[in-house]
Amino acid sequence: MKKKYKCLILIIGLVFVTVVGYWGVGEYQFQKEKKLILEIQRIADLSVKKQEKNQDLKCKGAYAEVEKSVKKYTIDYTKKRNRIDKIINNTDFSKFVSVENIESDAPQFTNLQKEITDTQESLDKAYNNWQKFTTEKNMLTYYKVDSDDLYYEELYLDILKEEYGLDVSYERKDYKDTIEFYDSVMKIQKEVLELLKNTCGTWEIKEGNIYFQNKADEMEYQKLIEKLQKLA
């Protein structure tokens with residue numbers, strides 16, 4: 001009976017040690033992950049120059065390698081994102097169909113149409129590059145951790161996807177919607193210029209307004225302008 005009792009105590013003790021051991025490992029990983037994630041969150045929204053200056057590693061061991069991989073990806077991600085933002089923020093879309101520019105570029109509107117086409121192509125190219133860059137396949141090209149443990153690879157991917165919202169479909173959709181919005185604006189602007197080009201000689205500009213001789217042409221022009229105003 002005493003033997004069985006001692007055996008039971010030993011089993012309970014081993015179970016307790018195992019549970020405590022697992023808890024200890026879990027707590028250790030949690031603290032390491034927390035330190036890593038806080039560091040990435042700190043630099044995520046910094047400018048590229050500041051990100052490049054913040055390459056000192058705060059973690060140690062394999063966690064430091066994950067940190068280094070994430071930071072390298074973050075710099076290039078920010079550059080890709082900034083490229084799109086720069087095109088949008090530095091482009092005065094309203095100028096493409098402003099009366100002043102219409103008057104100066106009539107009747108063929110070669111310059112305005114080229115500006116619109118160039119902007120569309122630049123924006124589409126920047127967006128497509130961003131899309132390719134944010135695939136899991138590309139993310140893994142930045143992953144440089146000397147360990148076969150998949151835990152670190154999963155941690156690396158989780159941090160990137162969570163930090164930039166790349167694992168959430170609506171985050172990607174939001175960015176896509178932004179590009180499609182500006183693309184729609186420029187397509188309508190092209191239609192405006194095409195209408196003015198095809199009806200050249202039947203309209204004139206007075207006191208900052210365009211007046212058509214043909215009522216149907218005027219209605220079509222107003223319809224396109226209203227579309228633009230609704231998008232604004």
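Quick look at the structure, then. Just so we're clear, the structure is a prediction, and the values are computed from it rather than from any experiment. (Residues numbered from 1 in each chain as written. Predicted model: local features only at pLDDT ≥ 70, side-chain atom pairs only at ≥ 80, totals over all residues. Heavy atoms only, no water.)

Overview of the side chain of Thr199
Its place among the elements puts Thr199 in the loop between helix 8 (169-198) and strand 1 (203-206). A residue is classified by how much of its surface remains accessible, and Thr199, at 9% relative accessible area, is buried. A polar atom in the side chain of Thr199 sits 2.7 Å from the backbone oxygen of Leu195. Every residue in contact with Thr199, bar those within four places of it in the chain, is listed here: Phe212 and Asp217. (Helix = DSSP H or I, 4+ residues; strand = E, 2+ residues; numbered from the N terminus. Buried < 20%, exposed > 50% of the residue type's maximum accessible area, 1.4 Å probe, protein only. Polar contact = N/O pair within 3.5 Å; in protein donor to acceptor, adjacent residues only side chain to side chain. Contact = heavy atoms within 4.5 Å.)

Quick look at the pattern of salt bridges
Counting across every chain of the model gives nine salt bridges. When the shortest N-O distance is used, the salt bridge between Asp118 and Lys114 registers 2.7 Å. With Asp118 and Lys114 both in helix 5 (residues 110-133) and four residues apart, this pair spans about one turn of that helix. The partly exposed category is assigned to Asp118, whose relative accessible area is 32%. Look at the salt bridges and you will find they share partners, linking Glu39, Arg42, Glu67 and Lys71 into a network. (Salt bridge = Lys/Arg side-chain N within 4 Å of Asp/Glu carboxyl O.)

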